[in-house]
Amino acid sequence: MADKRCENGHFIDESWDLCPYCPAEENEPEIPIVRPSRFGSQEARPTSPPEPRRPPAVPLPPPPIVPRRETTAPVQPPPMERTVAAPKISTEAPASRYVVGWLVGLSGAVRGESFAVRIGRNVLGRDKRSDIVVNDDQASSHHADLVFRPEERRFILMDHNSTNGTYVNEVEIEPRRDLVTKDIIRIGSLRFLFMPLCEESFYWDDEGALK
């Protein structure tokens with residue numbers, strides 16, 4: 001607070017010699033009034049030029065909208081395949097099972113019927129899957145085997161551990177016997193006449209022709 005008074009009793013700053021509130025005399029030049037600054041400076045601070053006005057900020061365009069990807073479950077890799085041992089496939093053609101003889105029925109329901117005998121093994125029995133089905137109650141499911149060996153030109157009849165045995169010309173075979181033309185085979189109550197096609201001088205060649 002100012003504690004200095006002019007002649008007319010106005011409170012003025014101590015640094016002032018003239019009272020700005022008293023009326024000026026006619027012959028007194030006009031003195032500009034300089035008010036003290038906040039820090040007691042007697043000189044008026046120069047007015048700084050106004051800062052240049054900045055252009056208004058242009059708003060940035062909104063970011064592009066990226067479509068939201070649906071979250072999908074991760075694809076599981078296929079299970080590893082195990083290596084499995086496979087049987088070797090033969091490229092050789094199986095031997096042709098040509099007819100090499102016949103059994104001709106002599107009794108019962110098979111009388112007058114013929115049954116083909118082929119190269120290799122021929123199963124005789126009551127089982128429907130047999131090569132030659134013997135439909136008799138005394139016959140076993142797998143009663144006997146009639147085998148033709150082409151390298152030896154032999155017909156061999158072998159009993160397959162049957163219950164009632166296998167007979168050739170009414171003699172039980174133990175356990176096998178070579179067959180010759182017109183041998184009579186009995187299995188159970190049924191009898192068959194054996195008639196060969198292939199013999200020492202008569203056989204199938206590699207091209208399937210008789211020689």
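Model, not experiment: these values are computed from the prediction.

S.K.: So what's going on with the pairing of strand β7 (residues 144–149)? Which residues, and what values?
M.R.: Burial analysis of β7 places 5 of its 6 residues in the buried class, the great majority of the element. Where strand β5 (residues 120–125) meets β7, 5 bridges bridge the pair, whose relative direction is antiparallel. Among the inter-strand pairings, N122 is bridged to a residue of β7, identified as L146. Where β7 lies against strand β8 (residues 154–159), 6 bridges are found, and the strand directions are antiparallel. From the neighbouring strand, D145 faces β8, where its bridge partner is M158. Counted along the chain from β7 to the antiparallel partner β8, the turn is 4 residues long, and its residue R153 has a positive phi close to 55 degrees.

S.K.: Go over the pattern of salt bridges with me, naming the residues and quoting the values.
M.R.: In total, this model carries 6 salt bridges according to the counting rule given. Two residues, D145 and R121, come together in a salt bridge whose shortest N-O distance is 4.0 Å. With a gap of 24 residues between them, D145 in strand β7 and R121 in strand β5 connect regions that are remote in the sequence. For D145, a relative accessible area of 6% gives the class buried. One salt bridge connects D127 with R129, and the closest N-O pair in it is separated by 3.1 Å. Of the residues examined, R129 reaches a relative accessible area of 75% and is grouped as exposed. Salt bridges sharing common partners tie together R149, E152, R154 and D178.

The rules behind these values
- Residues numbered from 1 in each chain as written.
- Predicted model: local features only at pLDDT ≥ 70, side-chain atom pairs only at ≥ 80, totals over all residues.
- Heavy atoms only, no water.
- Buried < 20%, exposed > 50% of the residue type's maximum accessible area, 1.4 Å probe, protein only.
- Helix = DSSP H or I, 4+ residues; strand = E, 2+ residues; numbered from the N terminus.
- Pairing = 2+ DSSP bridges.
- Salt bridge = Lys/Arg side-chain N within 4 Å of Asp/Glu carboxyl O.

All we've got here are geometric facts, nothing functional implied.
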